[in-house]
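Each chain is listed here by its residues.
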There are 2 protein chains.
Amino acid sequence: MTHDHEHEGEEHRQALLDKYMTERGLKTTRQRTLIMETFFQSGGHQSVEEVWARVRKTDTRVSVATVYRTMKLLAESGLAHARDFGDGQTRYEAALGRHHHDHLICTNCKKIIEFENDRIEALQDVVARRHGFKVNSHKMELYGLCRDCQRLS
Amino acid sequence: MTHDHEHEGEEHRQALLDKYMTERGLKTTRQRTLIMETFFQSGGHQSVEEVWARVRKTDTRVSVATVYRTMKLLAESGLAHARDFGDGQTRYEAALGRHHHDHLICTNCKKIIEFENDRIEALQDVVARRHGFKVNSHKMELYGLCRDCQRLS
DNA sequence: CTCAGTGCAAAGTCTTTGCACGATT
DNA sequence: AATCGTGCAAAGACTTTGCACTGAG
């Protein structure tokens, strides 16, 4: 159930990014390259602080501000999704070569499990249509205890 | 499509609240009473600032800090739900006498429409079970354009 | 009378921004 | 050379908290 296509989009990603940046006259800098590589290599749902921490292992001089700016850029370009799991910080997730999915979040150990369910997506469309809505995106999060944490409590 | 049972729980609410407060030695103050009444009379998804603004029409001396503290109390007692629609502030919604529901959010005019869908809820349970999760709560938000805003754009 | 609640301002988080300097195109 | 990007620190937005005073039980 892992996403085998997670890596196949690497050149595609680079191409899209190049296009996006050229189109708006953005520049490829040492910092941006490092931040993006770090982010895409790590996977998961990363906060800016987390990305920054990893980036600093390679280059201490990069500032948080730049990480904030670069992650926002990735989100705007569509290469990453910004998520808010209610813990007070924005988390980013790689976007390309992945199906849309939602999240199961363990309120105890903070583990995040991803899942896809086409039938739910279909029903969402039905609901939206019923209300005359044109849905662009959605989020669905189920909060509870994962298997391991149920056992312990 | 309005919720007729929205008002029937008023004494029930008071009873629950009294119980909750007595149990933990909390005191009934002028401010708390005013804040709660204001909140429950207004309905919708209110931010602390909004509640505060309304409260101040009656009593200018109430501080935001107290509204923050009181809304948190309401959420902890189960009389209100804290929601985060990604606009950077927590919004509160009356909880009692209402079915669980989810939200359609217009990204243009910020209108929020509530809906219920039992089939989606059922499918969520299936997904959770499949992953060994015991779900306590969930949220689902569909973002897009409402009928009116589609027409205008 | 005692302990919880309140107001106020200060402090905390996370995030954005203004500005002078530095780097890319 | 012309712009865009970066670092830094300051500023913002929202929320919490320490403290002395007030008030409910």
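Attention here is on the structure that accompanies the text. These figures come from a predicted structure and were not determined experimentally. (Residues numbered from 1 in each chain as written. Chains lettered and ligands numbered in written order. Predicted model: local features only at pLDDT ≥ 70, side-chain atom pairs only at ≥ 80, totals over all residues. Heavy atoms only, no water.)

### Considering the interface of chain A and chain B
For clarity, the cut-off: Here, two residues are considered to be in contact whenever any of their heavy atoms come within 4.5 Å of each other. When two components associate, each loses some accessible surface as probed by a 1.4 Å sphere; the sum of these losses over both components is called the buried area. Here, a salt bridge means any Lys or Arg side-chain nitrogen found within 4 Å of an Asp or Glu carboxyl oxygen. Contacts described as polar in this section are N or O atom pairs within 3.5 Å, which, within protein, must combine one atom able to donate a hydrogen with one able to accept it, while residues neighboring in sequence count only if both atoms come from side chains. Segments assigned H or I by DSSP are reported as helices when at least four residues long, segments assigned E as strands when at least two residues long, and all are numbered from the N terminus. The classification used treats Ala, Val, Leu, Ile, Met, Phe, Trp, Tyr, Cys and Pro as nonpolar, Asp, Glu, Lys and Arg as charged, and all other residues, Gly among them, as polar. Each pair of strands is called paired provided DSSP finds at least two bridges between the two strands.
Contacts between the two partners involve 35 residues from chain A and, on the opposite side, 35 residues from chain B. Across the chain A/chain B interface, buried area totals approximately 3200 Å², and carbon plus sulfur atoms make up 63% of it. Ionic pairing is found between Glu141(A) and Lys139(B), a salt bridge with its closest N-O pair at 3.8 Å. Scanning the region where chain A abuts chain B turns up 12 residue pairs in polar contact (both at pLDDT 80 or more). Of all the secondary-structure elements, those providing two or more residues to the side of chain A that touches chain B are strand 4 (102-106), strand 5 (112-115), helix 5 (118-130), strand 6 (134-145) and helix 6 (147-152) of chain A. When residues in the side of chain A that touches chain B are grouped by element, the largest group, 12 residues, is from strand 6 of chain A. Grouping the amino acids of the side of chain A that touches chain B by side-chain chemistry returns 16 nonpolar, 11 polar and eight charged. The pairing of strand 6 of chain A with strand 6 (residues 134-145) of chain B spans 11 bridges and is antiparallel. Across the sheet, the residue bridging to Leu145(A) is Lys134(B), located in strand 6 of chain B.

### A short note on the protein's contact with DNA strand D
As a reminder of what qualifies: To be near a molecule or strand, a residue needs just one of its heavy atoms within 4 Å of it.
Around DNA strand D lies a shell of 21 residues, among which Lys27(A), Gln31(A), Arg32(A), Thr66(A) and Lys72(B) are the nearest. Considering the 4 Å shell around the protein, atoms of DNA strand D inside it are sugar or phosphate in 71% of instances. One nitrogen or oxygen atom from the side chain of Lys27(B) is found 3.0 Å from a base nitrogen belonging to DNA strand D. The separation between a phosphate oxygen of DNA strand D and a polar side-chain atom of Tyr68(B) is 2.8 Å. Mapped by element, the contributors of at least two residues to the surface near DNA strand D are helix 2 (30-42) and helix 4 (64-77) of chain A together with helix 4 (64-77) of chain B. Here the surface near DNA strand D takes four residues from helix 4 of chain B, the largest share from any one element. Counted by class, the surface near DNA strand D contains five nonpolar, nine polar and seven charged residues.

### Thoughts on the packing of aromatic side chains
Note the following rule: Pairing of aromatic side chains here covers Phe, Tyr and the six-membered ring of Trp, requires ring centres within 6.5 Å, and sorts the geometry by plane angle: under 30 degrees stacked, over 60 edge-to-face, intermediate tilted. Put simply, a charge is over a ring when the Lys NZ or the Arg CZ is close to the ring centre, within 6 Å, and near the line of the ring normal, within 35 degrees.
Going through the model one piece at a time under the given rule, you end up with two aromatic pairs over all chains. The positively charged end of Arg13(A) is found above the aromatic ring belonging to Phe40(A), 3.7 Å away from the centroid.

### Regarding the sheet that holds strand 1 (residues 46-47) of chain A
Residue and element names in this part refer to chain A. Rule in force here: Working convention: axes come from line fits to C-alpha atoms, limited for helices to the stretch in contact. Angles between N-to-C directions cover 0 to 180 degrees.
Strand order in the open sheet formed by three strands is 1-3-2, with antiparallel pairing between adjacent strands. Since the sheet does not close on itself, it has two edges, and those belong to strand 1 and strand 2 (80-84), each with one partner. Across five bridges, strand 2 lies against strand 3 (residues 90-94) in antiparallel orientation. Paired with arginine 83 across the strands is arginine 91, a residue of strand 3. Taken strand by strand, helix 2 contacts strand 1, strand 2 and strand 3, and its axis lies near 80 degrees from that of strand 3.

### Looking at the protein's contact with DNA strand C
In the vicinity of DNA strand C lie 21 residues, with Lys72(A), Thr90(A), Thr29(B), Arg32(B) and Thr66(B) positioned nearest. When the atoms of DNA strand C within 4 Å of the protein are grouped by moiety, sugar and phosphate amount to 72% of the total. At 3.4 Å, a backbone N or O of Thr28(A) approaches a phosphate oxygen of DNA strand C. Backbone polar atom of Thr90(A) to a phosphate oxygen of DNA strand C: 2.7 Å apart, as the coordinates give it. Elements that contribute at least two residues to the surface near DNA strand C include exactly helix 4 of chain A together with helix 2 (30-42) and helix 4 of chain B. Per-element accounting of the surface near DNA strand C gives the leading share, four residues, to helix 4 of chain A. Here the residues of the surface near DNA strand C are counted per class, giving five nonpolar, nine polar and seven charged.

### Notes on the sheet that holds strand 5 (residues 112-115) of chain B
Strand order in the open sheet formed by six strands is 5(A)-4(A)-6(A)-6(B)-4(B)-5(B), and the pairing between neighbours is mixed. Strands at the two margins of the open sheet, each flanked by one partner only, are strand 5 of chain A together with strand 5 of chain B. Taking each pair of neighbouring strands and ignoring which way they run, the sheet shows an average axis angle of 20 degrees. Two elements, strand 4 (residues 102-106) of chain B and strand 6 of chain B, share four bridges in a ladder whose sense is parallel. Bridge assignment links Cys106(B) to a residue of strand 6 of chain B, and that residue is Gly144(B).

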